Amino acid sequence: MDVLINVFVALHIIGIAALLGGFLTQMKTMGQGTARFTPGMLHGALTMLVTGVALVGLNQADDQTVNNVKIGVKMAVLVVILGLVYVKRDEETVDKALFGAVGGLTMVNIFIATLWT
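Reference entry: report on the structure contained in this document. Everything quoted here is computed from the prediction, not taken from an experiment. (Residues numbered from 1 in each chain as written. Predicted model: local features only at pLDDT ≥ 70, side-chain atom pairs only at ≥ 80, totals over all residues. Heavy atoms only, no water.)

Right, let's talk about the packing of helix H4 (residues 68-87) against helix H5 (residues 96-115) for a bit. When two helices pack together, their arrangement is given by the angle between their axes and by how far apart the axes lie. Relative to each other, H4 and H5 sit at 160 degrees, their axes nearing to 10 Å. Judged on the interaxial angle alone, H5 and H4 are roughly antiparallel. Considering how the two elements wind past one another, H4 and H5 form a crossing that is left-handed. Packed against H4, whose contacting residues are Lys70, Val73, Lys74, Val77, Leu78, Val80, Ile81, Leu84 and Val85, the element H5 presents Leu98, Val102, Leu105, Thr106, Asn109, Ile112 and Ala113 at the interface. (Axes fitted to C-alpha atoms, helices over the stretch in contact; angles between N-to-C directions. Helix = DSSP H or I, 4+ residues; strand = E, 2+ residues; numbered from the N terminus. Parallel < 35°, antiparallel > 145°, perpendicular 65-115°, else oblique. Left-handed = near helix turned anticlockwise from the far one by under 90°. Contact = heavy atoms within 4.5 Å.)

A few words now on the environment of alanine 61. Relative to the elements of secondary structure, alanine 61 occurs in helix H3 (residues 39-61). Accessibility expressed as a relative area gives 53% for alanine 61, which makes it exposed. Through-space distance from the C-alpha of alanine 61 to that of methionine 1 is 9.1 Å; in sequence the pair is 60 residues apart. (Buried < 20%, exposed > 50% of the residue type's maximum accessible area, 1.4 Å probe, protein only.)

What follows concerns the pattern of salt bridges. A full pass over the atoms with the stated rule returns two salt bridges. Salt-bridge contacts for glutamate 91 lead to lysine 88; the nearest nitrogen and oxygen are separated by 3.4 Å. Taking the relative accessible area as the measure of exposure, glutamate 91 reaches 34% and is therefore partly exposed. Of the charged contacts in the structure, one is a salt bridge between arginine 89 and aspartate 90, with a shortest N-O distance of 4.0 Å. (Salt bridge = Lys/Arg side-chain N within 4 Å of Asp/Glu carboxyl O.)

Taking 1.5 Å as the rise per residue, H5 with 20 residues should run 28 Å; its terminal C-alpha atoms sit 28 Å apart, in good agreement. All buried positions along H5 are accounted for by Leu98, Phe99, Val102, Gly103, Thr106, Asn109 and Ile112. On its buried face, H5 sits against helix H1 (2-25), helix H2 (27-32), H3 and H4. (Expected span 1.5 Å × (residues − 1).)

See below:
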């Protein structure tokens, strides 16, 4: 079970890397007002959602304690990110504030995952 959990943790990290990487690669274009949400950002957010839900289930099945409040907050932040990216995915450019919000919420999600014990 530990190997399976670790595989899903790795996939979860790959998802966050795709989402945050898509944001960071477009920081320069955000300053110019031409940033857009890439398909990789959408796929990264979806990967995070699916693997996160699987991780909660696997950890509970393995009789490990799960902080449901922390998971709920992380899920709410991710749903907001996913909603923003999904709705604006086909637009040629995205407003700076909206694009920055997705990057900021992504970093908030990372800090919640690592600092909330």
